[in-house]
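Residue strings, one per chain:
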Amino acid sequence: MKAGRSLKLGMAVFLLALLAGLLAVASWQATASGDTFLVSRGGRLAIKLLLVGVSLGAWFLTQSLIASRADLEGKIGDLLHDLTAPWNT
């Protein structure tokens, strides 16, 4: 496996683990008492900021995967784009 590919795979696994952790915290937060940090206003803001960070990380990861694909002779190579191309001509 190439070094770049293993790095991207590691990033993807890390982002999925972070997302799973955030979902676990969010489900715990719904049942927690009102005196914990995560139930406070600052805790909710921290969770939202982490979720935004994970989403941006996932977006950048997918963009890097798209950029690393082989050139398809000037085509985009996206199935949805290919299916909807006749509608745009």
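The structure this text deals with has already been given above.
All of these numbers come straight from a predicted model, not from anything done at the bench.

Asker: Would you mind going over the overall build of the chain in detail, with residue names and values included?
Answerer: Across its full length, the chain holds 3 helices and 0 strands. Counted from the first residue to the last, the chain has its helices and strands arranged as α-α-α. Here the chain holds 89 residues, and 10% of them are scored as buried. Accessible surface computed for the chain: about 7200 Å², of which carbon and sulfur atoms make up 70%.

Asker: An account of the packing of aromatic side chains is needed here, citing residue identities and associated values.
Answerer: Under the counting rule described, the total for this entry stands at 1 aromatic pair. Aromatic side chains Trp-59 and Phe-60 sit 4.9 Å apart centroid to centroid with 75° between the ring planes, which places their arrangement in the edge-to-face category. Owing to a relative accessible area of 46%, Trp-59 belongs among the partly exposed residues under this scheme. A relative accessible area of 53% places Phe-60 in the exposed class.

Asker: Got a sec to walk through the environment of Arg-5? Specific residues and values, please.
Answerer: By the element assignment, Arg-5 lies in helix α1 (residues 3-31). Distance in space between the C-alpha atoms of Arg-5 and Leu-65 is 9.0 Å, their sequence separation being 60 residues.

Asker: Run through helix α2 (residues 41-67), naming residues and quoting values.
Answerer: End to end, α2 covers 39 Å across 27 residues, agreeing with the expected 39 Å (1.5 Å per residue, within 8%). Considered for burial, the residues of α2 that qualify are Gly-43, Ile-47, Val-54 and Leu-61.

Asker: I'd like to hear about a nonpolar patch on the surface, residue by residue, with values.
Answerer: A cluster of nonpolar side chains, namely Val-52, Leu-56, Trp-59 and Phe-60, defines an oily patch on the protein surface of about 430 Å² accessible area. Counting through the fold element by element, Trp-59 comes out in helix α2.

Definitions and cut-offs
- Residues numbered from 1 in each chain as written.
- Predicted model: local features only at pLDDT ≥ 70, side-chain atom pairs only at ≥ 80, totals over all residues.
- Heavy atoms only, no water.
- Helix = DSSP H or I, 4+ residues; strand = E, 2+ residues; numbered from the N terminus.
- Buried < 20%, exposed > 50% of the residue type's maximum accessible area, 1.4 Å probe, protein only.
- Areas by Shrake-Rupley, 256 points an atom, 1.4 Å probe, with all protein chains shown as cover.
- Phe/Tyr/Trp six-rings, centres within 6.5 Å; stacked < 30°, edge-to-face > 60°.
- Expected span 1.5 Å × (residues − 1).
- Patch = residues over 30% accessible without salt bridge, like charges linked within 9 Å, V, L, I, M, F, W, Y side chains within 5 Å.
- Salt bridge = Lys/Arg side-chain N within 4 Å of Asp/Glu carboxyl O.

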